[in-house]
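Spelled out, the chains give:
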Amino acid sequence: MNESVEKINLLGMSLPKLQAYFQSMDEKPFRAVQVMKWIHQRGVTDFAEMTDVSKSLREKLQANAEIRLPTIVDEHLASDGCYKWIVQVASGSRVETVFIPEATRGTLCISSQAGCTLDCSFCATGKQGFNSNLTTAEIIGQLWWANHRLGGFATSKRGEGKMNRMVSNIVMMGMGEPLLNFDNVMDGLSLMMEDNAYGLSKRRVTISTAGVVPAINRLKDHTDASLAISLHAPNDELRNQIVPVNRKYPIQMLLKSVSDYMASLPDKRVPIIEYTLIAGVNDHRQHARELAALLQNFPCKINLIPFNPFAQSDYRRPSNSSVSNFRQILLDAGYTVTVRTTRGDDIGAACGQLVGEVADQTRRSERYRRAAVESSDIIARQTGS
């Protein structure tokens, strides 16, 4: 009786892991480079089409390995040119990937988890609970699909010519907390920056974290990607409410960890401080002055993000004057400050709006739905409707 052998998926293998796999088959390391270029630079997933690989090796790979991508189940195009792809992963959950085109770059926002355990109060993803970490193949598969959909792969099947870099920047800022899926995300980053794969600059690949300090402390031994910190409050009392992980890793501990990582990099880079402005919660002038004082000895750039509403939140978007006043206080204090333009909100692709479909294991989403129903019932009784 023949038992079927599960094939090894080569899609998510970093170069060292792919070389080790080929070595296990008594093949030379350069074969791993050849196959990696076919997959990640030319977008080829059929071993039979890898024409500079020997026929015997192609047959061996066909029998023992595969290039298995996550499945694209839907695609949305926003009025401003943003794309959102719904990606189904092995767990059955669906995550979202967003491409944001700009004049001089194209940024892909990649998910790392189906759902999120952190439940930040301004983020729709956290309200869905958590199902699973994505595999490296499911992480890098989002970039593969974006290149495929946007025509970003090298046009010649023999590899002449370069990749058409439609995706020039990556932000690990989609669904999930990247540093709680540490190993798979690190392998994904390795492929993104690998010259024989996507070849993206370390300055153009950014990890966005809510502040998982032990994982930040490990980063220097695994990557030199850029870093963005989801701060969103100028003091621990307020941040404890907005970003619950702060109760475990308070602001000063977080800033120290980030400073140590930035100091380990061989070039001069500064982290991005992300600050979502929520009307009446953290957008007052005093909050801006507190933030300026907090970051006084912390070299950084600040990115202000006006809150993007979603169904399960009572938060409101700040007024334009509040955003302008907040920014001006920081500018006057000497900081480099940008205000993120809301993109893709007509397809639910704006920052904080990503939801997908998560088979929640935490029952958090059920609790939020129940609370919403109870709140509606109370309002209905009070208004007599």
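Residues numbered from 1 in each chain as written. Predicted model: local features only at pLDDT ≥ 70, side-chain atom pairs only at ≥ 80, totals over all residues. Heavy atoms only, no water.

Undergrad: I'd like a description of helix H10 (residues 320-332), backed by residues and values.
TA: When the terminal C-alpha atoms of H10 are compared, their 18 Å separation across 13 residues agrees well with the 18 Å that a helix rising 1.5 Å per residue should span. When H10 is considered as a whole, its buried residues turn out to be Val 323, Phe 326, Ile 329 and Leu 330. Each buried residue of H10 lies within a common arc of 130 degrees when the element is viewed along its axis, so the set occupies one face. Facing away from the buried side of H10 by more than 90 degrees, the exposed set consists of Asn 320 and Asp 332. Where the residues of H10 are buried, they touch strand E12 (272-277), helix H9 (285-294), strand E13 (301-306) and strand E14 (336-339). With its phi angle positive at about 100 degrees, Gly 334 sits one or two positions after the end of H10. (Helix = DSSP H or I, 4+ residues; strand = E, 2+ residues; numbered from the N terminus. Expected span 1.5 Å × (residues − 1). Buried < 20%, exposed > 50% of the residue type's maximum accessible area, 1.4 Å probe, protein only. Arc of directions from axis to C-beta. Contact = heavy atoms within 4.5 Å.)

Undergrad: Before we move on, can you summarise the packing of helix H4 (residues 136-150) against helix H5 (residues 182-193) with the specific residues and values?
TA: Helix-helix packing is characterised by the crossing angle of the two axes and by the distance between the axes. For the pair H4 and H5, interaxial distance at closest approach is 8 Å and the crossing angle is 35 degrees. For the pair H4 and H5, the sense of crossing is right-handed. Of H5, the residues touching H4 (which contributes Thr 136, Ile 139, Ile 140 and Leu 143) are Asn 184, Val 185, Asp 187, Gly 188, Leu 191 and Met 192. The class makeup of the residues in the contact of H4 with H5 is six nonpolar, three polar and one charged. (Axes fitted to C-alpha atoms, helices over the stretch in contact; angles between N-to-C directions. Left-handed = near helix turned anticlockwise from the far one by under 90°. Nonpolar A, V, L, I, M, F, W, Y, C, P; charged D, E, K, R; others polar.)

Undergrad: Quick rundown of the packing of aromatic side chains? Include the residues and the values.
TA: In this structure the tally under the stated criterion is six aromatic pairs. What links up through ring pairs into an aromatic cluster is the set Trp 144, Trp 145 and Phe 153. The ring of Trp 38 has Arg 42 sitting right over it, with the charged end atom 4.2 Å from the ring centre. When the ring centre of Phe 182 is taken as reference, the NZ or CZ atom of Arg 218 above it lies at 4.0 Å. (Phe/Tyr/Trp six-rings, centres within 6.5 Å; stacked < 30°, edge-to-face > 60°. Lys NZ or Arg CZ within 6 Å of the ring centre and 35° of its normal.)

Undergrad: I'd love a proper account of the sheet that holds strand E3 (residues 71-77), names of residues and values included.
TA: In spatial order, the strands read E3-E4-E5-E6-E9-E10-E11-E12-E13-E14; together these ten strands make up an open sheet with mixed pairing. The sheet terminates laterally at E3 and E14, the two strands that pair on one side only. The average angle at which neighbouring strand axes cross in this sheet is 20 degrees, direction not considered. In this fold H5 packs onto strand E9 (169-172) and strand E10 (205-209), with an angle of close to 160 degrees to the strand it touches most, E10. (Pairing = 2+ DSSP bridges.)

Undergrad: Tell me about the environment of Phe 307, and please be specific about residues and values.
TA: Tracing the backbone through its elements, the reader meets Phe 307 in the loop between E13 and H10. The class of Phe 307 is buried, set by a relative accessible area of 1%. Taking the C-alpha atoms as reference points, Phe 307 and Arg 317, separated by ten residues in sequence, lie 4.9 Å from one another.

Undergrad: Please give an account of the pairing of E13 that cites residues and values.
TA: Within E13, five of the six residues are buried, which leaves it mostly tucked inside the rest of the structure. Of the pairings in the sheet, the one linking E12 to E13 comprises six bridges and is parallel in character. If you follow Glu 274 over to E13, its bridge partner there is Asn 303.

Undergrad: Which residues make up the environment of Val 212, and what values go with them?
TA: Along the polypeptide, Val 212 turns up in the loop between E10 and helix H6 (213-219). Distance from Val 212 to Leu 180, taken between C-alpha atoms, is 7.6 Å for residues 32 residues apart in sequence. Residues contacting Val 212, with those up to four places away along its chain left out, are Glu 177, Leu 179, Leu 180 and Tyr 249.

Undergrad: Provide a residue-level description of the confidence of the model for the protein chain, including the pertinent values.
TA: In this model, the protein chain carries an average pLDDT of 88, and 85% of its residues clear a pLDDT of 70 or more. Contacts of residues 368-383 to residues separated by more than four positions or lying in other chains number five contacts, the stretch itself having pLDDT below 50. (pLDDT = per-residue confidence, 0-100.)

Undergrad: Describe the nonpolar core, and please don't skip the residues or the numbers.
TA: Among the nonpolar cores identified, the biggest contains 109 residues, and Leu 10, Leu 61, Ile 170, Leu 189, Met 192 and Leu 295 are the most heavily contacted of them. Per element, the largest residue contribution to this core is eight residues, and it comes from H4. Sequence-distant contacts of Leu 189, defined by excluding residues within four places in its chain, comprise Met 172, Val 205, Ile 207, Thr 223 and Ala 225. (Core = buried A, V, L, I, M, F, W, Y, C linked by side-chain atoms within 4.5 Å.)

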